[in-house]
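Results of the structural survey
Here is what each chain is made of, one letter per residue.
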Amino acid sequence: MLAPQVAPMLLTRNLLYTGITRAKKLLIVIGSERVVSYMIQNVDSKKRNTGLEFKMKHLGQS
């Protein structure tokens, strides 16, 4: 799993948890200890406005 130094809003505990729980046999985290520590402490989860709901509702209505 990559844990790069990116925008803080992307470094969330939820993302780290997802990466860890999807590993089947082995997990290797590539990144600095500081970034992983930040992810563990960052419980802030923002609502993401992806537009997915709108796209799904209007799928095939061209």
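Before reading on, note that the structure itself is shown above.
It should be emphasised that the depicted structure is a prediction, and the values quoted were computed from it without experimental measurement. (Residues numbered from 1 in each chain as written. Predicted model: local features only at pLDDT ≥ 70, side-chain atom pairs only at ≥ 80, totals over all residues. Heavy atoms only, no water.)

Some remarks on the overall build of the protein chain
When helices and strands are tallied, the protein chain shows three helices and two strands. Counted from the first residue to the last, the protein chain has its helices and strands arranged as β-α-β-α-α. When its C-alpha atoms are laid out on the principal axes, the protein chain stretches across 50 × 25 × 15 Å. Per-residue burial over the protein chain gives 13% buried out of 62 residues. Within the protein chain, counting contacts between residues at least 6 apart in sequence, those at least 24 apart form 79% of the total. Element-wise, carbon and sulfur atoms account for 59% of the exposed surface of the protein chain, whose accessible area totals about 5700 Å². (Helix = DSSP H or I, 4+ residues; strand = E, 2+ residues; numbered from the N terminus. Buried < 20%, exposed > 50% of the residue type's maximum accessible area, 1.4 Å probe, protein only. Contact = heavy atoms within 4.5 Å. Areas by Shrake-Rupley, 256 points an atom, 1.4 Å probe, with all protein chains shown as cover.)

Remarks on the nonpolar core
Membership of the largest hydrophobic core is limited to six residues, which are Ala-3, Leu-11, Leu-16, Val-35, Val-36 and Met-39. No other element matches helix 2 (residues 33–41), which puts three residues into this core. (Core = buried A, V, L, I, M, F, W, Y, C linked by side-chain atoms within 4.5 Å.)

Topic: the environment of Ser-45
Tracing the backbone shows Ser-45 in the loop between helix 2 and helix 3 (52–57). In sequence terms Ser-45 and Met-9 are 36 residues apart; their C-alpha atoms lie 7.9 Å from each other.

Looking at the environment of Leu-10
Along the chain, Leu-10 turns up in the loop between strand 1 (2–3) and helix 1 (13–22). Overall, the relative accessible area of 47% leaves Leu-10 in the partly exposed class. Along the sequence, Leu-10 and Ala-23 sit 13 residues apart, while their C-alpha atoms lie 20 Å from each other.

Examining the side chain of Thr-12
Tracing the sequence through the fold places Thr-12 in the loop between strand 1 and helix 1. One polar contact links the side chain of Thr-12 to the main-chain amide nitrogen of Leu-15, over a distance of 3.2 Å. Excluding anything up to four places from it in sequence, Thr-12 contacts Met-39, Asn-42 and Asp-44. (Polar contact = N/O pair within 3.5 Å; in protein donor to acceptor, adjacent residues only side chain to side chain.)

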